[in-house]
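Observations on the three-dimensional arrangement
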Amino acid sequence: MSHWGLPGVCSLANLSYARGTLILVMDELVLPSGAVIPKPTKLVDAFFAEEWAYYDGIQDADPNRIRPVDIVATLSVNSFLNSAVRIRSVHRGMAAACDSHLVDVPVDADLRSFSLDQLIELLQAACQVQYVLVPVATKVLHRKRPRLIPMLDNVVIGYYLDALDRRDLAGATQDKKRAAEAARIPLEAFRSDLESVWPQLTQLRECLDAAGLPVTEVRILEVLVWMWAEPLRQYL
């Protein structure tokens, strides 16, 4: 049974009755960036039922400091920091580079309203650390500011660069000096998508909350974009 087969818990407007339980029905999610994602309810249910415990379910005990667990947790979201040397190096480097920036970013900072300049500054600091570019930086920092920072891995970045016809920025995303600023374009497009479908994302979040799988709207959108754009289409 779906995690969302919870009697009477998810009391939203768009509900369907099935097998004695209430479940959310959403046929598709249409993003301004171009993706038309089918059956988003089914997709996020399948994804988080399988993967939530290994990243999202690992609690953050100190939102203003990068801890070793913040690095280790990213292994389950394909950070490829697959050696003890890399884990130690990235932890120590990101703690030194980012902790002083994190104290200036409210814990509840919201991507819809927060300064992108300040966010880019944080990413720029992170990207100077050995083994770190925007994908690793955002996989670590999403744990610190989950309403602000989406995980921009190469799949998600590539989707937005293609959608915006900005593949000219692909090289910059692999350059430590330019990667953070190059991420501004995908971040702006992601924010536009986030604002456009916020009510639907909130419905999805409320149902996940009710199922004991709390995540943010930012995380839900990032997962849906990733599932749409990921070449293997693992959950589609």
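Because the structure is predicted, anything quoted here is derived from the model rather than measured. Sequence order sets the numbering: in each chain, residues are counted from 1 along the sequence as written. Reporting in this predicted model follows two pLDDT cut-offs: at least 70 for local features of residues, and 80 or more for side-chain atom pairs to be given and counted; totals over whole chains, interfaces and linings ignore these cut-offs and use all residues. To obtain the side-chain values, all non-hydrogen atoms of the structure were used and water was disregarded.

1. Structural notes on the layout of surface pockets
Think of a 1 Å grid over just the protein atoms. A cavity is a set of points where a 1.4 Å probe fits yet cannot get out, a pocket is an open set with protein on both sides within 12 Å along at least five of seven lines, and lining residues have an atom within 4 Å of a point. Grid points are joined across faces, edges and corners, and a volume is the space filled by probe spheres set on the points. If you add up the space inside the largest pocket, you get close to 530 Å³. If you go around the largest pocket, you meet 22 residues; those closest to its centre are D56, P146, P214, V215 and T216. Strands here are runs of E lasting at least two residues and helices are runs of H or I lasting at least four, both read from the DSSP assignment and numbered beginning at the N terminus. Listing elements by their share of the lining of the largest pocket, those giving two or more residues are α5 (134–144) and α9 (198–210). Considering only residue class, the lining of the largest pocket consists of 9 nonpolar, 4 polar and 9 charged. Approximately 420 Å³ is the volume attributed to the second largest pocket. Contributing to the lining of the second largest pocket are 22 residues, with V77, N78, F80, K139 and D153 lying nearest its centre. Every element with two or more residues in the lining of the second largest pocket is listed here: α1 (40–51), α5, α6 (154–163) and α10 (217–229). Counting residues per element, the lining of the second largest pocket draws most heavily on α10, at 4 residues. Gly is put with the polar residues, along with every residue not named as nonpolar or charged; the nonpolar set is Ala, Val, Leu, Ile, Met, Phe, Trp, Tyr, Cys and Pro, and the charged set is Asp, Glu, Lys and Arg. Split by residue class, the lining of the second largest pocket holds 12 nonpolar, 5 polar and 5 charged.

2. Things to note about the state of the cysteines
Note on terminology: disulfide denotes any pair of cysteine sulfur atoms within 2.5 Å. For the structure shown, the criterion picks out 0 disulfides. A disulfide-free cysteine, C98 has its sulfur positioned 8.8 Å from the sulfur of C127, the nearest such atom. Burial status follows relative accessibility: with a 1.4 Å probe on protein chains alone, a residue under 20% of its type maximum counts as buried, one over 50% as exposed, and anything between as partly exposed. Here C127 falls in the buried class, since its relative accessible area comes to 0%.

3. Quick look at the pattern of salt bridges
Should a side-chain nitrogen of Lys or Arg be within 4 Å of a carboxyl oxygen of Asp or Glu, the pair is scored as a salt bridge. Per the stated rule, a full pass over the model turns up 14 salt bridges. One salt bridge in this structure joins D56 and R219, with 2.8 Å as the shortest N-O distance. Linking D56 in the loop between α1 and α2 (68–72) with R219 in helix α10, this pair joins segments that are 163 residues apart in sequence. For the pair D56 and R219, one class covers both residues: buried. Taking the shortest distance from any N to any O, the salt bridge between D70 and R143 comes out at 2.7 Å. Linking D70 in helix α2 with R143 in helix α5, this pair joins segments that are 73 residues apart in sequence. For the pair formed by D70 and R143, the shared burial category is buried.

4. Re unusual backbone geometry
In this structure, N78 takes a positive phi of about 60° despite not being glycine. Secondary-structure assignment places N78 in the loop between α2 and α3 (84–102).

5. Considering the confidence of the model for the protein chain
A residue's pLDDT is the predictor's confidence in that residue, given on a scale from 0 to 100. With 90% of its residues at a pLDDT of 70 or more, the protein chain has an overall mean of 90. Whether two residues are in contact is decided by their heavy atoms: any pair within 4.5 Å suffices. Across residues 1–22 the pLDDT falls below 50, and counting only partners more than four positions away or on other chains, this stretch makes 45 contacts in the model.

6. Focus: the packing of α6 against α10
Pairs of packed helices are described in terms of their axes, by the angle between the two and the distance that separates them. Two numbers describe how α6 lies on α10: the axes approach to 9 Å, and their chain directions differ by 80°. When the axes of α6 and α10 are compared, the pair comes out roughly perpendicular. Every residue of α10 that contacts α6 at V155, V156, Y159 and Y160 is listed here: E222, V225, W226, W228 and A229. Here the contact of α6 with α10 is built from residues that sort into 8 nonpolar, no polar and 1 charged. Angular values range over 0 to 180 degrees, each being the angle between N-to-C directions of two axes fitted as lines to C-alpha atoms, with helices fitted over their stretch in contact. Orientation is classified from the angle alone, with under 35 degrees giving roughly parallel, over 145 giving roughly antiparallel, 65 to 115 giving roughly perpendicular, and any other angle giving oblique.

7. Observations regarding α5
Within α5, 11 of the 11 residues are buried, which leaves it mostly tucked inside the rest of the structure. Those residues of α5 lying buried are V134, P135, V136, A137, T138, K139, V140, L141, H142, R143 and K144.

8. Some points on the environment of E188
Residue placement: E188 occurs in helix α8 (residues 184–196). Taking the C-alpha atoms as reference, E188 lies 9.6 Å from Y160; in sequence the two are 28 residues apart.

9. What about α9?
Since the α-helix turns once every 3.6 residues, residues separated by three or four places project in the same direction. Here, expected helix span is obtained from the residue count minus one, scaled by 1.5 Å. With 13 residues, α9 extends 18 Å between its outermost C-alpha atoms, agreeing within 8% with the 18 Å of an ideal straight helix rising 1.5 Å per residue. Residue G212 follows α9 closely and has a positive phi angle near 80°.

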